[in-house]
Amino acid sequence: KYQFTDSVVAISSAIKDILTNFNVKNVEIISDAVAAKTLHKKRVEELFLNNQWYGKKIIATTAAFVPHKDPLTMVRAIGELHKLRQDFIFLHFGTGPLAHKVLHEINTLNISSCYKIMGFVEDIEDFFSVFDVFAMSSEEEGLGSSVLDAFIYKVPVATTNAGGLKEIVNERGMLCQVKDAKQLAKNIDQLLNDEQLRKQLVEKAYQYVIQEHSVEKIAEGYKTLFTGLLGK
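Residues numbered from 1 in each chain as written. Predicted model: local features only at pLDDT ≥ 70, side-chain atom pairs only at ≥ 80, totals over all residues. Heavy atoms only, no water.

### Re the overall build of the protein
Each helix and strand in the protein was counted, giving nine helices and eight strands. Against the globule reference of 17 Å for 232 residues, the protein gives a C-alpha radius of gyration of 19 Å, in line with a compact fold. Expressed as lengths along the three principal axes of its C-alpha atoms, the size of the protein is roughly 60 × 35 × 30 Å. Expressed as a percentage of its 232 residues, the buried residues of the protein come to 45%. Sequence-distant contacts, at least 24 apart, represent 68% of the contacts inside the protein between residues at least 6 apart. If you sum the accessible surface of the protein, you get close to 12,300 Å²; carbon and sulfur atoms cover 50% of it. (Helix = DSSP H or I, 4+ residues; strand = E, 2+ residues; numbered from the N terminus. Rg over C-alpha atoms; globule rule 2.2 N^0.38 Å. Buried < 20%, exposed > 50% of the residue type's maximum accessible area, 1.4 Å probe, protein only. Contact = heavy atoms within 4.5 Å. Areas by Shrake-Rupley, 256 points an atom, 1.4 Å probe, with all protein chains shown as cover.)

### As for the pattern of salt bridges
Going through the model one piece at a time under the given rule, you end up with 12 salt bridges. Its salt-bridge partner being lysine 37, residue aspartate 123 comes within 3.6 Å of it at the nearest N-O pair. Here the residue aspartate 123 occupies a position in the loop between strand E5 (115-119) and strand E6 (133-136), and lysine 37 occupies one in the loop between strand E2 (27-29) and helix H2 (41-51), the gap between them amounting to 86 residues. In this structure aspartate 123 comes out as partly exposed when scored by relative accessible area, which is 44%. (Salt bridge = Lys/Arg side-chain N within 4 Å of Asp/Glu carboxyl O.)

### Digging into the packing of helix H3 (residues 71-84) against helix H7 (residues 181-193)
In contact at an axis separation of 8 Å, H3 and H7 are set at 55° when each is read in the N-to-C sense. As the angle between them shows, H3 and H7 are arranged oblique. Here the hand of the crossing between H3 and H7 comes out right-handed. Residue-level contacts link Thr73, Met74, Arg76, Ala77, Ile78, Glu80, Leu81 and Leu84 of H3 to Ala181, Lys182, Leu184, Ala185, Ile188 and Asp189 of H7. Taken together, the residues of the contact of H3 with H7 break down into nine nonpolar, one polar and four charged. (Axes fitted to C-alpha atoms, helices over the stretch in contact; angles between N-to-C directions. Parallel < 35°, antiparallel > 145°, perpendicular 65-115°, else oblique. Left-handed = near helix turned anticlockwise from the far one by under 90°. Nonpolar A, V, L, I, M, F, W, Y, C, P; charged D, E, K, R; others polar.)

### Structural notes on the sheet that holds strand E7 (residues 157-160)
Read from one edge of the open sheet, six strands run E5-E4-E3-E6-E7-E8, paired in parallel fashion. Since the sheet does not close on itself, it has two edges, and those belong to E5 and strand E8 (174-176), each with one partner. Strand after strand, the sheet turns through a mean of 20° between neighbouring axes, direction not considered. In this structure, strand E3 (residues 57-62) lies alongside E6, joined through two bridges in parallel fashion. (Pairing = 2+ DSSP bridges.)

### A word on unusual backbone geometry
Of note in this structure, aspartate 123 is not a glycine but carries a positive phi near 50°. One non-glycine residue, glutamate 171, lies in the positive phi region at around 65°. Inspection of the secondary structure assignment puts glutamate 171 in the loop between helix H6 (164-169) and E8.

### Structural notes on the packing of H3 against helix H4 (residues 99-108)
Relative to each other, H3 and H4 sit at 15°, their axes nearing to 9 Å. On the basis of their axis angle, the class for H3 and H4 is roughly parallel. Read as a crossing pair, H3 and H4 show a hand that is right-handed. Every residue of H4 that contacts H3 at Pro71, Leu72, Val75 and Arg76 is listed here: Lys101, Val102, Glu105 and Ile106. Across the contact of H3 with H4, the residue classes break down as five nonpolar, no polar and three charged.

### A closer look at the state of the cysteines
Counted under the stated rule, the structure contains zero disulfides. In this model cysteine 176 remains outside any disulfide bridge; the closest cysteine sulfur is found in cysteine 114, 18 Å from its own. (Disulfide = S-S within 2.5 Å.)

### Considering the environment of glutamine 52
Following the sequence through the fold, glutamine 52 ends up in the loop between H2 and E3. Counting along the chain gives 59 residues from glutamine 52 to isoleucine 111, while the straight-line C-alpha distance between them is 17 Å.

Next comes the structure, spelled out in structure tokens:
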């Protein structure tokens, strides 16, 4: 179907490379837009009060339990982190067909006390207000738009370098190789320990996201594309 289009928009260089490998022509890169919203912290406070999580470091991910998100590596990373420290809670927001395997791995590693499966939650952005670190363990990723949310809400990021993640996180967060659970754990630990590093990365990430992923910037990209097509 792409052979019959005048232009195809890819949200990252990683997606453009995939399309180009399939001999798709006229591929333009216009990424995702992200805009901050007012966060409703009361619902988050109620959750923390009910679970007695106050005083804990909060690490989180928003990822479906599907193969390309590689949730088992996430579990193993938290297992490694638990060997280094026990002052945290990990919140995994998502559902999917690999949920039973994730639960089995959590129990095998004996980390059910700190690894909490939250399921699908609407208006997930509200919870970014309490995250100390946002993590992703993807094996494949077109862009990783949840990372952009972390950027705009000033949450430091530790993730794999899968696909578009490498492109947006480079020098704005901490990267590791795909499936490297130990290094992912070390990166999360470093972010929790090093306040200066955290501040530097968060500021770089925030400036990047408001400049390169604003609604206005992305809209201008489409306007330029449409104008060019009309000109032809």
